Each structure stands twice: as structure tokens, then as C-alpha cells.
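Secondary and tertiary structure notes
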Protein chains: 2
Amino acid sequence: MTDVEVLSDAAVLIDGDRIAWVGSRAEAPRGGANVVEIDGVLFPGFIDCHTHGVFGAPRLDDQERRALGVDYKAIAAAGGGILQSVRDVRGMSEAQLEALTRSRLETLIAHGATTIEVKSGYGLELDAELKQLRVIRRLSEQLPATLIPTFLGAHEVPPEYRNNRADYVQLVCEEMLPAVARESLARCCDVFCEPGVFTVAESRQILTAARRHGFAVKLHADELEGSGGAELAVELGALSADHLAAISDSGIRALAASTTVAVLLPATMIFLGKRSQAPARRLIDAGAAVALATDFNPGTSPTVSLPLVMTLGVSQLGLRHAEVVTAVTINAAAALGLAADRGQIAAGCVADLIAVAVDDWREVAYWMGKDVVSAVWTAGSACPA
Amino acid sequence: MTDVEVLSDAAVLIDGDRIAWVGSRAEAPRGGANVVEIDGVLFPGFIDCHTHGVFGAPRLDDQERRALGVDYKAIAAAGGGILQSVRDVRGMSEAQLEALTRSRLETLIAHGATTIEVKSGYGLELDAELKQLRVIRRLSEQLPATLIPTFLGAHEVPPEYRNNRADYVQLVCEEMLPAVARESLARCCDVFCEPGVFTVAESRQILTAARRHGFAVKLHADELEGSGGAELAVELGALSADHLAAISDSGIRALAASTTVAVLLPATMIFLGKRSQAPARRLIDAGAAVALATDFNPGTSPTVSLPLVMTLGVSQLGLRHAEVVTAVTINAAAALGLAADRGQIAAGCVADLIAVAVDDWREVAYWMGKDVVSAVWTAGSACPA
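Presented here is an overview of the structure given in this document.

Calculation criteria
Residues numbered from 1 in each chain as written. Chains lettered and ligands numbered in written order. Predicted model: local features only at pLDDT ≥ 70, side-chain atom pairs only at ≥ 80, totals over all residues. Heavy atoms only, no water. Helix = DSSP H or I, 4+ residues; strand = E, 2+ residues; numbered from the N terminus. Rg over C-alpha atoms; globule rule 2.2 N^0.38 Å. Buried < 20%, exposed > 50% of the residue type's maximum accessible area, 1.4 Å probe, protein only. Contact = heavy atoms within 4.5 Å. Buried area = accessible area lost by both parts, 1.4 Å probe. Salt bridge = Lys/Arg side-chain N within 4 Å of Asp/Glu carboxyl O. Polar contact = N/O pair within 3.5 Å; in protein donor to acceptor, adjacent residues only side chain to side chain. Nonpolar A, V, L, I, M, F, W, Y, C, P; charged D, E, K, R; others polar. Least-squares fit on C-alpha atoms with pLDDT ≥ 70 in both. Phe/Tyr/Trp six-rings, centres within 6.5 Å; stacked < 30°, edge-to-face > 60°. Lys NZ or Arg CZ within 6 Å of the ring centre and 35° of its normal. Pairing = 2+ DSSP bridges. Axes fitted to C-alpha atoms, helices over the stretch in contact; angles between N-to-C directions. Core = buried A, V, L, I, M, F, W, Y, C linked by side-chain atoms within 4.5 Å. Expected span 1.5 Å × (residues − 1). Parallel < 35°, antiparallel > 145°, perpendicular 65-115°, else oblique.

Focus: the overall build of chain A
Along its length, chain A carries 14 helices and 14 strands. For 385 residues, the compact-globule estimate of 2.2 N^0.38 gives 21 Å, and chain A sits close to it at 20 Å. Along the first, second and third principal axes, the C-alpha set of chain A runs to 70 × 45 × 40 Å. For chain A, with 385 residues in total, the buried portion stands at 58%.

As for the interface of chain A and chain B
Listed as interface residues are 51 residues of chain A and, on the opposing side, 51 residues of chain B. Counting each side, the surface lost to burial between chain A and chain B is near 4,000 Å², with a carbon and sulfur contribution of 59%. The interface formed by chain A and chain B includes four salt bridges. As a salt-bridge pair, D61(B) and R362(A) come within 2.7 Å of each other at their nearest N and O atoms. Counting the contacts that link chain A with chain B gives 28 residue pairs in polar contact (both at pLDDT 80 or more). Here the residues of the side of chain A that touches chain B are counted per class, giving 23 nonpolar, 16 polar and twelve charged.

Structural notes on the relation of the copies chain A and chain B
With an RMSD of 0.0 Å, the operation that places chain A on chain B is a rotation of 180° combined with a shift of 0.0 Å along the axis. Such a turn and shift between the copies fits a two-fold axis. Interface overlap between copies: 100% of the residues of chain A at the interface are likewise at the interface in chain B, consistent with a symmetric, same-surface contact.

Brief notes about the packing of aromatic side chains
Any pair of aromatic rings gets described here by the distance separating the centres and the angle formed by the planes. Under the definition given, this model contains 14 aromatic pairs over all chains. Taking the centre distance of 5.3 Å and the plane angle of 50° together, the rings of Y161(A) and Y168(A) count as tilted. Of the residues examined, Y168(A) reaches a relative accessible area of 0% and is grouped as buried. Measuring from centroid to centroid gives 5.4 Å for F55(B) and F296(B), while their planes differ by 55°, and the two rings are tilted. Separated by 241 residues along the polypeptide, F55(B) in the loop between β4 (46-48) and α1 (60-67) and F296(B) in the loop between β11 (290-292) and α12 (306-315) bring together distant segments of the chain. A single burial state applies to F55(B) and to F296(B), both of which are buried. Joined through ring pairs, the aromatic side chains of F55(A), F271(A), F296(A), Y366(B) and W367(B) make up one cluster. The positively charged end of R165(A) is found above the aromatic ring belonging to F198(A), 5.8 Å away from the centroid.

Points about the sheet that holds strand β6 (residues 146-154) of chain A
Residues and elements named next belong to chain A. Within the open sheet, the eight strands sit side by side as β4-β5-β6-β7-β8-β9-β10-β11. Their pairing is parallel. Two strands in the sheet have a free side with no partner beyond their single neighbour: β4 (46-48) and β11 (290-292). Neighbour-to-neighbour, the strand axes of this sheet turn through a mean angle of 25°, independent of strand direction. In this sheet, β11 lies alongside strand β10 (residues 261-264) in parallel orientation, the contact comprising three bridges. Each bridged residue has a counterpart across the sheet, and for A262 the counterpart in β11 is V290.

As for the pattern of salt bridges
All names here are of chain A. Taken as a whole and assessed by the stated rule, the structure comprises 48 salt bridges over all chains. Residue R138 pairs with E98 through a salt bridge whose shortest N-O separation is 2.6 Å. One end of the pair, R138, is in helix α5 (residues 126-142); the other, E98, is in helix α4 (residues 94-110), with 40 residues separating them in the sequence. Across the pair D249 and R282 runs a salt bridge, and its minimum N-O distance is 2.4 Å.

Focus: unusual backbone geometry
The phi torsion at D9(A) lies on the positive side, around 45°, for a residue other than glycine. For A379(B), which is not a glycine, the phi torsion comes out positive at approximately 45°. Residue position: A379(B) is located in the loop between β13 (373-378) and β14 (381-382). Here A379(B) falls in the partly exposed class, since its relative accessible area comes to 37%.

So, the sheet that holds strand β12 (residues 353-356) of chain B
All names here are of chain B. Ordered by their spatial adjacency, four strands build an open sheet running β3-β12-β13-β14, and the pairing between neighbours is antiparallel. Single-partner strands in this sheet number two, and they are β3 (41-44) and β14. In the sheet, β12 pairs with β13 via four bridges, with the strands oriented antiparallel. Bridge assignment links L353 to a residue of β13, and that residue is W377.

Notes on the side chain of T329(A)
Following the sequence through the fold, T329(A) ends up in the loop between α13 (321-327) and α14 (330-335). Discounting residues that sit within four places of it in the chain, T329(A) has contacts with P44(A), G45(A), F46(A), I47(A) and G343(A).

Quick word on the nonpolar core
With 212 residues, the main nonpolar core has L244(A), L264(A), L283(A), L244(B), L264(B) and L283(B) as its most contacted residues. Excluding anything up to four places from it in sequence, L264(A) contacts H243(A), L244(A), A278(A), A280(A), L283(A), V290(A), A291(A), L292(A), A293(A) and L317(A).

Let's talk about the environment of T268(A)
Residues and elements named next belong to chain A. One can find T268 in helix α10 (residues 266-271). Take T268: its relative accessible area is 0%, and that puts it in the buried class. C-alpha of T268 to C-alpha of N297: the two residues are 29 residues apart in sequence and 9.3 Å apart in space. Ignoring anything within four residues of it in the chain, the contact list for T268 reads E223, H243, T294, D295, T300 and S301.

A word on α5(A)
With 17 residues, α5(A) should cover 24 Å at 1.5 Å per step; its first-to-last C-alpha distance of 24 Å lies within 8% of that length. Residues of α5(A) that are buried sit in contact with α3 (82-91), α4, β5 (113-119), β6 and α6 (165-182) of chain A.

Examining the environment of V54(B)
Residues and elements named next belong to chain B. Tracing the chain through its elements places V54 in the loop between β4 and α1. Note on V54: relative accessible area 0%, which makes it buried. For the pair V54 and A201, spaced 147 residues apart in the sequence, the C-alpha separation amounts to 28 Å. The contacts of V54, once residues within four sequence positions are left out, are V89, L97, T101, V118, K119, Y122, Q132, V135 and I136.

Examining the side chain of E156(B)
Residue and element names in this part refer to chain B. Summarising the element assignment, E156 is placed in the loop between β6 (146-154) and α6 (165-182). For E156, the side chain forms a polar contact with the side chain of R162, separated by 3.4 Å. Among residues more than four places away in sequence, those in contact with E156 are I82, L83, L124, R162, Y168, G196, V197 and F198.

A few points about the pairing of β13(B)
All names here are of chain B. Pairing analysis gives two bridges linking β13 to β14, with the strands arranged antiparallel. Paired with W377 across the two strands is A382, which belongs to β14. Where β13 folds back on β14, the antiparallel hairpin that results is connected by two residues, among which A379 adopts a positive phi of roughly 45°.

Considering helix α4 (residues 94-110) of chain B
What sets the pattern is the α-helix's 3.6 residues per turn: residues three or four places apart point alike. Residue and element names in this part refer to chain B. With 17 residues, α4 ought to run about 24 Å at 1.5 Å a step, and its terminal C-alpha atoms sit 24 Å apart, in line with that. As for α4, its buried residues are in contact with β4, α3 (82-91), β5 (113-119), α5 (126-142), β6 and β13. Within two residues after α4, G112 carries a phi angle of roughly 110°, on the positive side.

Let's talk about the packing of α6(B) against helix α7 (residues 200-212) of chain B
Residues and elements named next belong to chain B. Interaxial distance between α6 and α7 falls to 10 Å at its minimum, and their mutual angle equals 10°. With respect to α7, the axis of α6 lies roughly parallel. Contacts between α6 and α7 involve R165, V169, V172, C173 and L177 from the first element and E202, Q205, I206, A209 and A210 from the second. Tallied by class, residues from the contact of α6 with α7 come to seven nonpolar, one polar and two charged.

Structural data, given as C-alpha cells:
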């Protein structure tokens, strides 16, 4: 993860939506149609591999209640938590939701994310889950970024199934997954595996069904309590196990011996007011692949900036500057099961590039709270500023 | 601190550099020369009451070394730490330093800070301290913000005095303070009171001398180890005691019974990778006045955004949304000893205002890493975007 090559006085040649050539400016082929001089550092477009970007209102009351020490059960009892966003999404028209989501994803893009995973999971009923996924599909046609849709029907047990959880799991497996597959509305399926949400057994049941329908699988695992989520992710050949603040030693060993990527979300722990973080250094030292993401969502991480997450990656997770670059580029691509043709500036790769207005490339993970991204190109075209 | 009044459909009338009238839009006096419609929320300009804004290079190596577990003594031995910035500032021309500082303070202003305290303290010799303070004076004439200069000659013991600390304290008291006073280059004097830096006795000696020269006094107190810094600040009638992550119970009681403001710097603790924060809730509940600031500096807090600090104030310090607004407005003004004519939108106050592009005012402390400030006015005039 420290194998990051830095070129000075470099040039990149783009042909259509691909990078055609990279090398020293002095040796660059002449005659390009549009020459753009970059003042700063050019990075591969960043890849945000974990967001819940389709939602209604910010959960401001939750933020303040949590600050005052109210626990998540009391927050839920007061009408907050995930179920607040579920009521919100269920009650909105597809057009309303699309407008809100467009403007928010544009903000993520402006902060350097050129590929963004977006999960459903605030519907928790067939129609509302499909509504979220259709919003993602339509925006993926309109926005200048690659959106990777993930079905997260098992984000929480909805209130109407509180007393018959098994029926909800069955609904997810037998109605939602087939419907999402039929319309090809998602590439991945994710489950929130955590004591009090979905158990390891329920998560296994849902993700096994998802694989049968051709979905790649991912897992919210070991966020607040270790429950064997990381081990389950490895058992199922998941693309990623995400959160992991409470991962066990055996979970670390399992990930290290697998191709499942550990996706860490340090901004979430900060926004939740937690005093701990996932054991990033131990994961890397053991041999696991680590990616970083915003976890952009209205309740626990209204974080729009991968550069801020990279700063937290160094300062809170103990990663090196080179490691946080790998974590939001090639490792994040792996966490989404994408081909090796993105997350790098190399001939043949997708021409997703961002200019960062700094002198030293490491400053991308340094100036806390500053929007250092000065320009974004996706598939070879400049994005509106 | 929760006494924040929110007006809807409001109007503000500005006359020259002052606010002339505030009230409902429907009742607003007609006939203003320049009418500006604000889409979003208008706040009083924020006040950043603790920065070390005059410096040379970012300390990127320190950030990574700390991430890898290297302690501050080993970082200093490797050429990092405060003394790296001291070598840097000593070696730079006043013009170089001015250009770097201008661009950085412009970034702070763009993020909503219309009054900014700026400390010296990377000179640690008479000429270099004066050089920093002259840069602040010149920029205060050029930049569209109020800069409050603070002399921090006692930021660290410089290498040439390591074996005769008493002589450095004497130099600060008998040469530096009189020289700074003679040229009226600073309003306040600050000392870094911490085991290993300046003792309580040394800090008392320096700040007592500072008061004789007419400076208001402030104190870096109880940042990493409690050493009675807060108690000393109260004893000396300091405007503020800053940091306080390791404040004692008696320090909390002392601040609560005083007019000394507790200035908390949550971004610093995050950037340092610490797992603790100052006991903000206990301070407020005891009756202390709490302010928040960026601590903007190249080693431990390259943080440019008061809105991000406000987000950390809620999520990491456990403050309410209204409290973090108070903490960067009227309480921050008090921490700088400023008159009550800033930090509020009220008739007679300085017309320092910022527009924040959100629907609900609480969102200013919510969207992590987003630059929500869309426009800034100081002394009644619009600042360049």
C-alpha cells in the first residue's frame, strides 16, 4: 500500500475516455488538441466505496441528542435513527429524492470522488428500495461520475416486521432480491450485520441468496460490537467488510488471508463521538487490504470529502500518506469489484483525474477542512466546477 | 450559551461599517442602496480566537511520524516539531512570510472567520518574533478581516537557550516584551504552559511582566498533562485558558468562578491522533464560558474551517448546536477581550456577516468537510469569493 509512484514535471495524454500515455513532460507526444496546464498535483480520481447517498433530511436532532449522551435506543424511541430516514424516503416522490441526491453527489464529486458506491437501505420495503435504486440509476446517466449501486434492503428491520424478523429476511430474499436482479438495479448486495440489527445467521442467509442472484456481496461488519462479521465476509467471498471498529483478532487473520477488502470509515467514528477507531495498522501489518470511504449518510457521517477522510486516515488511523492514497484509489476499486482500469494514472485506464491545489502531494491528507480539489475530469471530460 | 435567537424572513440594514437595524423583512426600512438577497442562513462573522497563522512549510513528516507512533521527543530529535517551524520562520524574508500568511488567512476568511487572532511564536528571538508580528500588522491593513495579534515569544525554549532557560525567560521579559510594546505590535501575550515547555512559575513570571507592559494575557494550559495552567490563568485574570484537554477538577472550578474563557481546540486532538478531548460539557455545566477555535498551525492543526471545528464541537465535545454558535461568536470575542460589538447581528454591531448555504441553521455544524460558507462581509463590505 506504500507503493505510490510520484512523477514530477509529468504529462498525461488522454484519448477519448481513456488515458493514452503518461510520462515526462519533455517526452510527451506533441499535437494534442486541448492542452491543460495543471498547477498542483494530479491524482487518479478518488473512489468512494461506501456511501448511503440517497436520503431525505439531515438528522440534526440525532446529532445533538447523541452529543448530550442519549443512546441509540432512546434516539430511535424519540423518532430518530435509521427509521427516521426510512419514513422520510418512503414519503418522498422519486423526483424529490433525485433532486436532493443529485446535489449531494455533485458535492462529493467536487471533493474528488469520480466513482461512488451508493446504497439503498432507507426504503425497507420493495417499492421504496426500488425507488432509491432507480434514483441511483438515473443519476448515473446524468452525473459525470461512475455510480455503483448496492442493494441494502437489510439495513434494519422495518417497524412493521419487528415481531417477525424471519418474515422480513424472507421478504428480502424471495421478493426484493429477485426484483432488484430482474431490473439489474444493483451490482452488489450489502447487509448490516451487527448485534441488534441482523445476526450472522440472517446475514449469511441473505447474502447467500444474493450470490445466487448474481450479486457481489459486501457486509457492514463489527462496527460497534465484534460478532464475527469479518469472518462471515471472508467465508462468503465478499468484496469488502466495512466499518470493523470492533473486529476481533480472528477477524483480522481471516481478512489478511483473503481478498476481501477492509473498508474503514474513520469520519463516522468521529461524528458519532466515539473515542476509538478500527485497528487499521494491525490490519495492514497482518496483510489485509485497507480502503477508506466517507460512509456519507444523514445520521452518522454527513461527510462529503474524501480528502478529509484521508487526513483522518493518517491522523486517526495511523496510516502513511501513501497508504491513504492507495486506500481511496486501487483498494477502493477492489472493494467494489471494479477492473484494474481505474484508481491509477496509467495508459489504458479510465481518464478519471483530479487536480489538487497543493505543492506536495501529501498535503491532500493534511489541510483539515479545506477543499483542496481544484478540478475534476471524468472519462476524459472536465466536470463543471 | 444556548441563548441563540433565530429569525426567519429577516432583514439586516447596514450603514457604513455597522449594523443599523435587524428585524422582520416585512418591517424593514425601505430605500437601501444595495439590496442583497441571501439564500441560506446569515450568521454573525465567526471569530477564530486561537491561531498560529504565520508559518513557513507544512510539517508533513511530523504528521506521518506521529501516525506511525513516533513520540514528540523523537520527532523533535529528527528535526521536526515547533523548532522546525522556528528554523523555517527565522530563515524566511518578511515578504515571503507575508505572502504565505496572506493566502492562508484568506482561506480562513473564506471559511467564515471575520476576526482572527494570530500569534507569533515561531521566531523565539527578538528579530524573528518582530518579523512575525509585523507581517500580522501589515496583513491586518490589507485583508478584509480584523486580525488580533498575540505575542507568543514563550512558545518553546529555543535551542540556543536549552541549558539556560532562565536566561530565555529573562530575554522574553526584559527585551522582547518591551520591544513589542514599544511598537504596539501585539494586543495580547500568551505562554505555552506545559510540563517540558514552560513551568507554571515561568509562565507566571512572563505574564506578570506582560501585564505590566499593558498586554492582556492568555495561556496555553493543561493541553497534554494537567499542571495547574487553568488555575494560573484565573489567578492572572487571563482572557482565556486554551486547550485544557487535561484540565483538573480544581481548574474547572477556577474557570467557572472567573471571567477567563475556556478556549477548546477539538481539531488539534483529532489531528494529533488523540483519543480524548477537553471536558467541554463539564466546563459548561460548571458555569465556565467555552469558546472554540481552529488552532490553525503547521504541526498539530492545519485546520482552516471553523464550521468543521463546530461540527467537532457537537460530535466530539458534546455541545449543543446553539452552544457551538456562541462558542465561535460572542464567547470567542470575550476570549480576545473585544467589545460586545461583534459576534452578534444587532444594531450598533460591526457589520461582519457570513452567509451559510443551508436550510436549517444547525447544518453549519453538520456537513463534515463541506465549505458551507457562501459569502462573507466584513465592516459592511463584501469580501472577494
